[in-house]
Amino acid sequence: MLYTGSLNIVISQTAIGVYPELRYCKKRNATGSGSCAFYSSQIQMDNIFGEFKDQIYSVIIEDGVEVIYARTFYESRNLKYIKFPFSLKEIGADAFLGCERLVSLNLPKGLEEIGEGAFGLCNSLTRVQIPEGVKSIAARTFSGCKNLVSVQLPNGMKSICEDAFLHCQSLSTLFIPG
């Protein structure tokens, strides 16, 4: 049976395995919209949503998760909302690349690292505020975010890598505290 509803994903820190819970949710919610809860202390996936990735509209990552690994939500084109936990320290490379409908980012204050291309091609993003703990903007982090208008960098920013804002044609304000 083809799943036709929307998925709202909840991720908590309890470590009992990611893959079995996700399979359970797909079967249980096969006829309509619903939500899935699955558990891991670290989110370490690569496109595990497969054919369901375009049906993800919101993601709530509960406190305790510290790392979102590379390509976790890669090309989840309909993802509009993400709630990051205060415990989050790192977002991996291309983690949200191609999430075209992602409207805003409320990055947690404790965040220290954002990987290459993490939010590339997120065409609906208009404003981003980078938290104090992030000291470098990696290559291609926001490349191709064609509607990104303003970025506020934190005090203590040490570097902005090559092509971090490549093809961000609407970017008119890059606030660098002084």
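Everything discussed here concerns the structure shown above.
Residues numbered from 1 in each chain as written. Predicted model: local features only at pLDDT ≥ 70, side-chain atom pairs only at ≥ 80, totals over all residues. Heavy atoms only, no water.

(A) Spotlight on the sheet that holds strand 7 (residues 113-114). One open sheet accounts for three strands, arranged 4-6-7; its pairing is parallel. Looking at which strands have only one partner, the edges of the open sheet turn out to be strand 4 (67-68) and strand 7. Of the pairings in the sheet, the one linking strand 4 to strand 6 (residues 90-91) comprises two bridges and is parallel in character. By the bridge assignment, V67 is partnered in strand 6 with E90. (Pairing = 2+ DSSP bridges. Helix = DSSP H or I, 4+ residues; strand = E, 2+ residues; numbered from the N terminus.)

(B) The arrangement of the layout of surface pockets in detail. Approximately 460 Å³ is the volume found for the largest pocket. Along the walls of the largest pocket sit 23 residues, with N106, L107, P108, K109 and P131 positioned nearest its centre. Top element by residues in the lining of the largest pocket is strand 5 (residues 81-83). It accounts for three residues. Class assignment for the residues of the lining of the largest pocket results in 14 nonpolar, four polar and five charged. (1 Å grid on protein atoms, 1.4 Å probe; cavity = no way out; pocket = protein on both sides within 12 Å on 5 of 7 lines; lining within 4 Å. Points joined across faces, edges and corners; volume = space filled by probe spheres on them. Nonpolar A, V, L, I, M, F, W, Y, C, P; charged D, E, K, R; others polar.)

(C) Here's a closer look at the side chain of D94. Tracing the backbone through its elements, the reader meets D94 in the loop between strand 6 and strand 7. Excluding anything up to four places from it in sequence, D94 contacts R71, Y74, E116, G117, A118 and R140. (Contact = heavy atoms within 4.5 Å.)

(D) The pattern of salt bridges, seen in detail. Throughout the structure, instances matching the rule amount to five salt bridges. Close ionic contact of K53 with E75 constitutes a salt bridge, the shortest N to O distance being 3.5 Å. Taken together, the residues K53 in the loop between strand 2 (34-39) and strand 3 (56-61) and E75 in the loop between strand 4 and strand 5 connect sequence positions 22 residues apart. A salt bridge links R77 to E75; the nearest nitrogen and oxygen atoms lie 3.4 Å apart. Each of K53, D54, E75, R77 and E100 takes part in a single network of salt bridges with overlapping partners. (Salt bridge = Lys/Arg side-chain N within 4 Å of Asp/Glu carboxyl O.)

(E) Examining unusual backbone geometry more closely. Positive phi is not limited to glycine here, since R140 has a value of about 60 degrees. For R140, the position within the fold is in the loop between strand 9 (136-137) and strand 10 (150-152). Despite not being glycine, D163 has its phi angle at roughly 65 degrees, a positive value. Here D163 lies in the loop between strand 11 (159-160) and strand 12 (173-175).

(F) Summary view of the sheet that holds strand 10. Pairing is parallel across the open sheet formed by three strands, whose spatial order is 8-10-12. Looking at the sheet topology across the chains shown, the edges are occupied by strand 8 (127-129) and strand 12. The sheet shows a mean angle of 5 degrees between the axes of neighbouring strands, taken without regard to direction. (Axes fitted to C-alpha atoms, helices over the stretch in contact; angles between N-to-C directions.)

(G) Region of the structure containing the packing of aromatic side chains. Scanning the model with the defined rule gives five aromatic pairs in all. For the pair F73 and F96, a centre-to-centre distance of 5.3 Å together with 10 degrees between the ring planes defines the contact as stacked. One end of the pair, F73, is in the loop between strand 4 and strand 5; the other, F96, is in the loop between strand 6 and strand 7, with 23 residues separating them in the sequence. This pair shows no difference in class: F73 is buried, exactly as F96 is. Between the aromatic rings of F96 and F119, the centroid separation amounts to 5.4 Å while the plane-to-plane angle is 0 degrees, which identifies the pairing as stacked. Taken together, the residues F96 in the loop between strand 6 and strand 7 and F119 in the loop between strand 7 and strand 8 connect sequence positions 23 residues apart. Accessibility classification places F96 together with F119 in one group, the buried group. An aromatic cluster of at least three residues, connected via ring pairs, comprises F73, F84, F96, F119, F142 and F165. (Phe/Tyr/Trp six-rings, centres within 6.5 Å; stacked < 30°, edge-to-face > 60°. Buried < 20%, exposed > 50% of the residue type's maximum accessible area, 1.4 Å probe, protein only.)

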